[in-house]
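Observations on the model geometry
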Amino acid sequence: MDLGLRDAHVVVVGASRGLGRGIARAFAREGARLALIARSRKGLEKTAAQCRELGAPEVLLAEADMSSREAVDAAFAEIGKSWSTINVLINNAANSIGTHGPSEKFADETMYADAYNVITLGYVRTTRAALPFMKAADWARIVNVSTASSGGSSPVLHIYNMSKTAVVSLSKAQAREFAPYGISVNIFSPAGIMVEGGNWGEVMNGYFEKHGLDPTNPYDAVELSVRQFGGTKPWMDRYGLIAEYADAITFLGSRTNSYMTGHDMVVHGGGNGD
Ligand SMILES: NC(=O)c1ccc[n+]([C@@H]2O[C@H](COP(=O)([O-])OP(=O)(O)OC[C@H]3O[C@@H](n4cnc5c(N)ncnc54)[C@H](OP(=O)(O)O)[C@@H]3O)[C@@H](O)[C@H]2O)c1
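Conventions we followed
Residues numbered from 1 in each chain as written. Predicted model: local features only at pLDDT ≥ 70, side-chain atom pairs only at ≥ 80, totals over all residues. Helix = DSSP H or I, 4+ residues; strand = E, 2+ residues; numbered from the N terminus. Rg over C-alpha atoms; globule rule 2.2 N^0.38 Å. Buried ≥ 20, exposed ≤ 12 C-beta atoms within 10 Å, placed from the backbone. Contact = placed C-beta atoms within 7 Å. Core = buried A, V, L, I, M, F, W, Y, C linked by C-beta atoms within 7 Å. Domains from an automatic or database assignment. Expected span 1.5 Å × (residues − 1). Arc of directions from axis to C-beta. Pairing = 2+ DSSP bridges. Axes fitted to C-alpha atoms, helices over the stretch in contact; angles between N-to-C directions.

**Things to note about the overall build of the protein**
In terms of regular secondary structure, the protein is built from 9 helices and 7 strands. For the protein, whose C-alpha radius of gyration is 18 Å, the value lies close to the compact-globule estimate of 19 Å for 274 residues. Along the first, second and third principal axes, the C-alpha set of the protein runs to 50 × 40 × 35 Å. Counting every position in the protein, which comprises 274 residues, the buried fraction comes to 47%. Looking at the protein alone, contacts between residues at least 24 apart form 72% of all its contacts between residues at least 6 apart.

**Notes on the nonpolar core**
In terms of nonpolar packing, the biggest core is built from 73 residues, with Val 11, Val 12, Leu 34, Leu 36 and Ile 37 touching the most fellow members. With 9 residues, helix H4 (residues 110-135) is the largest single contributor of residues to this core. Taken together, domain 1 (9-193 + 241-267) and domain 2 (196-239) each give at least three residues to this core, which thus spans both. Ignoring anything within four residues of it in the chain, the contact list for Leu 36 reads Val 12, Ala 15, Ala 24, Leu 44, Thr 47, Ala 48, Val 59 and Leu 61.

**Looking at the environment of Gly 182**
Within the secondary structure layout, Gly 182 lies in the loop between helix H5 (158-178) and strand S6 (183-190). The class for Gly 182 is partly exposed, based on 15 C-beta atoms found within 10 Å. Each C-alpha atom of the pair Gly 182 and Asp 237 lies 39 Å from the other, and the pair is 55 residues apart in sequence.

**Considerations on helix H2 (residues 41-54)**
Here H2 is 14 residues long and its end C-alpha atoms lie 20 Å apart, about the 20 Å a rise of 1.5 Å per residue gives. Within the span of H2, buried status applies to Gly 43, Leu 44, Thr 47, Ala 48 and Cys 51. All buried residues of H2 lie within an arc of 135° about the axis, which places them on one face of the element. Of the exposed residues in H2, the ones pointing more than 90 degrees away from its buried face are Lys 42, Ala 49 and Glu 53. For H2, the elements touching its buried residues are helix H1 (18-29), strand S2 (33-38) and strand S3 (59-63). Count one or two residues on from H2 and you reach Gly 55, which has phi positive near 120°.

**Quick notes on H5**
The end-to-end C-alpha distance of H5, which contains 21 residues, comes to 30 Å, matching closely the 30 Å that a straight helix rising 1.5 Å per residue would cover. Those residues of H5 that fall on the buried side of the exposure criterion are Ile 159, Tyr 160, Asn 161, Ser 163, Lys 164, Val 167, Leu 170, Ser 171, Gln 174 and Ala 175.

**Some remarks on the sheet that holds strand S7 (residues 264-267)**
The strand order across the open sheet built from 7 strands is S3-S2-S1-S4-S5-S6-S7, with neighbouring strands paired in parallel fashion. Since the sheet does not close on itself, it has two edges, and those belong to S3 and S7, each with one partner. Averaged over all pairs of adjacent strands, the angle between strand axes in this sheet comes to 15°, irrespective of strand direction. As defined by bridge partners, strand S1 (residues 9-13) adjoins S2 across 5 bridges and the pair is classed as parallel. Looking across to S2, one finds that Val 11 is bridged to Ala 35. Packing of H2 onto the sheet brings it into contact with S2 and S3, and relative to S3 it is tilted by some 170°.

**Details of the domain arrangement of the protein**
Partitioning the protein into domains gives domain 1 (9-193 + 241-267) and domain 2 (196-239). On a C-alpha basis, the centres of domain 1 and domain 2 stand 24 Å from each other.

See below:
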């Protein structure tokens, strides 16, 4: 299938590692032009090098912290020096590090506010900044990464899930608001993704050894989640690979995906996803 992404202008937020890097790589393979945003310059450069190797004709980098409206605006102003239009915005950044635990662990409200500020308001900020460029484009798609556990009951994940559930409501409202401009907004909700460092590293660190499991094995990873965190097993019995999620997101963000909006695409190997 031709996804119609050759030379499309694609912005990936949270592209310095993990799923974001996988998403950038998948768009690069389709011949898209990329603008990569995150805080870590080193991580962005590593992603950019891989994207160029895979065939991206242009890769722009912008460092920005999603918790700052000024920083987000400055990043899009920088992108605007090279591009007058944006076709695809992928909101994927999340700062779930430190948010894990039941409510009694969090005596003050700082982590709640921080998660909401980066995850939910971060998506608001990037979308506001990208909108004029997207309205000027022939076609435009926004994909907001949430989680298969949004709306779920996990005490350990409750701070993260609260901000990601808000992303679902935000996206549906945006889908309705932006439809007259021909801009679609869809949600992508993955389950466990094995990512070195970041959220995955923080949650799982140390536990694989404790349970005698292998962190590189997607079947072991799901086993750990069940034993240590009381998660449920996906019907497919394993977690997904970064490329399996990234390819689905690339379709959601493609020109070919022309009549789907306000949809929550859940990719979790079957089951409840929590
Ligand atoms: N991994 C999972 O099991 C899983 C499951 C369900 C949903 N998800 C969702 O999938 C997405 C990617 O997950 P992941 O595991 O790849 O996450 P990750 O490894 O923690 O990477 C998160 C990305 O967001 C960026 N980021 C974090 N805080 C930021 C901030 N304040 N400003 C700008 N960028 C920031 C990070 O870059 P810098 O640190 O360089 O800024 C990084 O590029 C997230 O939205 C996550 O919630 C993940």
